[in-house]
Amino acid sequence: MTDLARIRALLDQRRPGHALPQEFYTDPEIFAFDIDAIYGQSWTLVGFEAELPSPGCTLALTIGRSPVVVVRGRDNALRAFFNSCRHRGAQICADGLSKRPRLVCPYHQWAYDLQGKLVNATRMAPDFNPAEHNLRPVALRTIAGTIYLCLSDTPPAFDDFHDQFEPMLAPHQLHLGKVAFEATLVEKANWKLVMENARECYHCATNHPELSVTFPVGRRSLGMAEQQHVTETFEARMAEQGLPTGPVEGAWWQAGRFPLNEGTQSLTMDGRPCVARTIGHVGNGDVGSLRWALEPHSFAHALGDYVFMFSAMPTAPEETVVTAKWLVSADAVEGVDYTIPQLTELWDKTNLQDRVLAENNQRGVRSAGFIPGPYSPEAESLVLRFVDWYCGKAREYLAERRPASD
Ligand code: FES
Ligand SMILES: [Fe+2]
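Residues numbered from 1 in each chain as written. Chains lettered and ligands numbered in written order. Predicted model: local features only at pLDDT ≥ 70, side-chain atom pairs only at ≥ 80, totals over all residues. Heavy atoms only, no water.

Visitor: Please set out the overall build of the protein residue by residue, giving values where relevant.
Guide: Within the protein one finds 9 helices and 17 strands. Since a compact globule built from 406 residues should have a radius of gyration of about 22 Å, the 22 Å found for the protein is in line with a globular shape. When the backbone C-alpha atoms are referred to their principal axes, the protein occupies close to 75 × 55 × 35 Å. Out of the 406 residues in the protein, the part that is buried amounts to 53%. Long-range contacts, defined here as pairs at least 24 residues apart, represent 68% of the contacts in the protein between residues at least 6 apart. Counting only carbon and sulfur atoms, one obtains 51% of the accessible surface of the protein, whose full area is about 17,500 Å². On the protein, the mean spot of the 38 positive side-chain charges and the mean spot of the 49 negative ones are 6 Å from each other. (Helix = DSSP H or I, 4+ residues; strand = E, 2+ residues; numbered from the N terminus. Rg over C-alpha atoms; globule rule 2.2 N^0.38 Å. Buried < 20%, exposed > 50% of the residue type's maximum accessible area, 1.4 Å probe, protein only. Contact = heavy atoms within 4.5 Å. Areas by Shrake-Rupley, 256 points an atom, 1.4 Å probe, with all protein chains shown as cover. Lys, Arg positive; Asp, Glu negative; His and termini not counted. Charge placed at Lys NZ, Arg CZ, Asp CG, Glu CD.)

Visitor: Please give an account of the packing of helix α5 (residues 191-198) against helix α9 (residues 381-400) that cites residues and values.
Guide: It is the contact of α5 with α9, at a shortest axis distance of 8 Å, that shows an interaxial angle of 145 degrees. Viewed along their axes, α5 and α9 form a crossing whose handedness is right-handed. Residues Trp191, Lys192, Met195 and Glu196 of α5 form the contact with α9, whose own contacting residues are Val383, Phe386, Val387 and Tyr390. Looking at the contact of α5 with α9 residue by residue, the class counts come to 6 nonpolar, no polar and 2 charged. (Axes fitted to C-alpha atoms, helices over the stretch in contact; angles between N-to-C directions. Left-handed = near helix turned anticlockwise from the far one by under 90°. Nonpolar A, V, L, I, M, F, W, Y, C, P; charged D, E, K, R; others polar.)

Visitor: I'd like a description of the sheet that holds strand β7 (residues 111-112), backed by residues and values.
Guide: Read from one edge to the other, the open sheet built from 3 strands follows the order β6-β7-β8, with strand pairing classed as antiparallel. Looking at the sheet topology across the chains shown, the edges are occupied by β6 (103-104) and β8 (118-120). The sheet contact formed by β6 and β7 spans 2 bridges and is antiparallel. Counted as the bridge partner of Val104 is Ala111 from β7. (Pairing = 2+ DSSP bridges.)

Dropping the structure here:
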């Protein structure tokens with residue numbers, strides 16, 4: 001049983017504008033709390049509709065401690081379920097993509113249709129009622145070809161994010177794409193250190209020489225250009241193409257289109273597109289980057305030639321699995337229009353560099369001498385936003401579980 005009073009007391013110890021007390025980055029009890037209070041209560045970006053192009057396609061993954069599966073039904077609708085058999089709980093679909101007419105549990109072959117209905121369970125008692133053992137649904141929403149799940153029975157309101165972000169992403173036509181590559185990386189660091197690192201570019205100029213070629217690493221806010229004339233010229237050019245720039249944001253999400261460094265057109269090693277075919281209504285593809293990010297775990301970039309998503313899933317107090325996906329136009333032919341090494345090189349390098357930083361951060365944070373330091377209001381404003389959001393979300397969860405005597 002988690003000692004919620006202890007977590008409350010630790011939250012109270014955090015100084016405004018500063019990193020969290022050490023326990024938030026190391027403690028198994030807080031890790032378990034995060035899985036339920038944060039990952040269990042938030043919307044997560046899990047992938048693209050293009051990954052499930054036809055009925056029977058499934059995408060299985062694990063959110064926190066819960067395997068889940070997204071299924072394309074015979075009616076073409078997407079649904080999601082807890083990927084845990086209603087017999088004795090075995091995981092039904094292995095993590096990853098597959099295509100199958102029914103979901104059959106590998107343990108005793110209970111079978112569910114694509115809508116999660118139990119349709120076969122042999123040798124059960126005469127009074128066994130299959131209708132009481134359908135798969136448990138998981139909340140699912142989509143925005144312009146991207147898929148979001150929330151494990152909670154009472155998910156945070158989604159409509160605002162959908163309504164504001166959909167017109168920004170829709171021109172990219174992600175449903176006409178295909179995931180060309182997916183990579184996973186195990187980082188020996190608490191998920192919050194992985195995400196704090198992902199929310200700032202204070203470290204970029206020195207640690208990411210390749211990313212710095214195209215990514216405006218010195219910019220104050222990722223949604224807006226620092227220099228007014230750059231912003232205005234870019235916004236006017238995007239408006240002509242019918243591409244909104246925002247930025248727009250809610251408590252747990254943010255989105256904005258921003259210009260890349262002058263003379264560069266995509267987030268690649270040399271700034272030139274790495275896919276010969278553009279994806280969506282993006283003209284010649286010189287459309288900056290539409291970046292969107294969800295607390296607690298993800299960010300993504302839609303460029304003229306590809307879309308990149310990054311998702312961090314906690315697996316242990318000091319271990320996080322990062323999943324990266326690259327989506328390109330479905331018409332693009334590997335070896336002709338793009339190659340996997342060219343498509344993935346920049347983010348592969350960047351993610352590996354970030355792993356070194358996060359693991360190094362973890363080693364120092366574990367120290368008996370660690371004292372949480374202050375964030376730069378200018379260079380780490382999005383880290384501050386993330387950590388403040390985390391504290392607010394944690395307090396909300398604790399408030400709902402406050403004992404009557406408290
Ligand atoms: S646990 Fe799935 S059929 Fe037994
Ligand atoms: Fe980084």
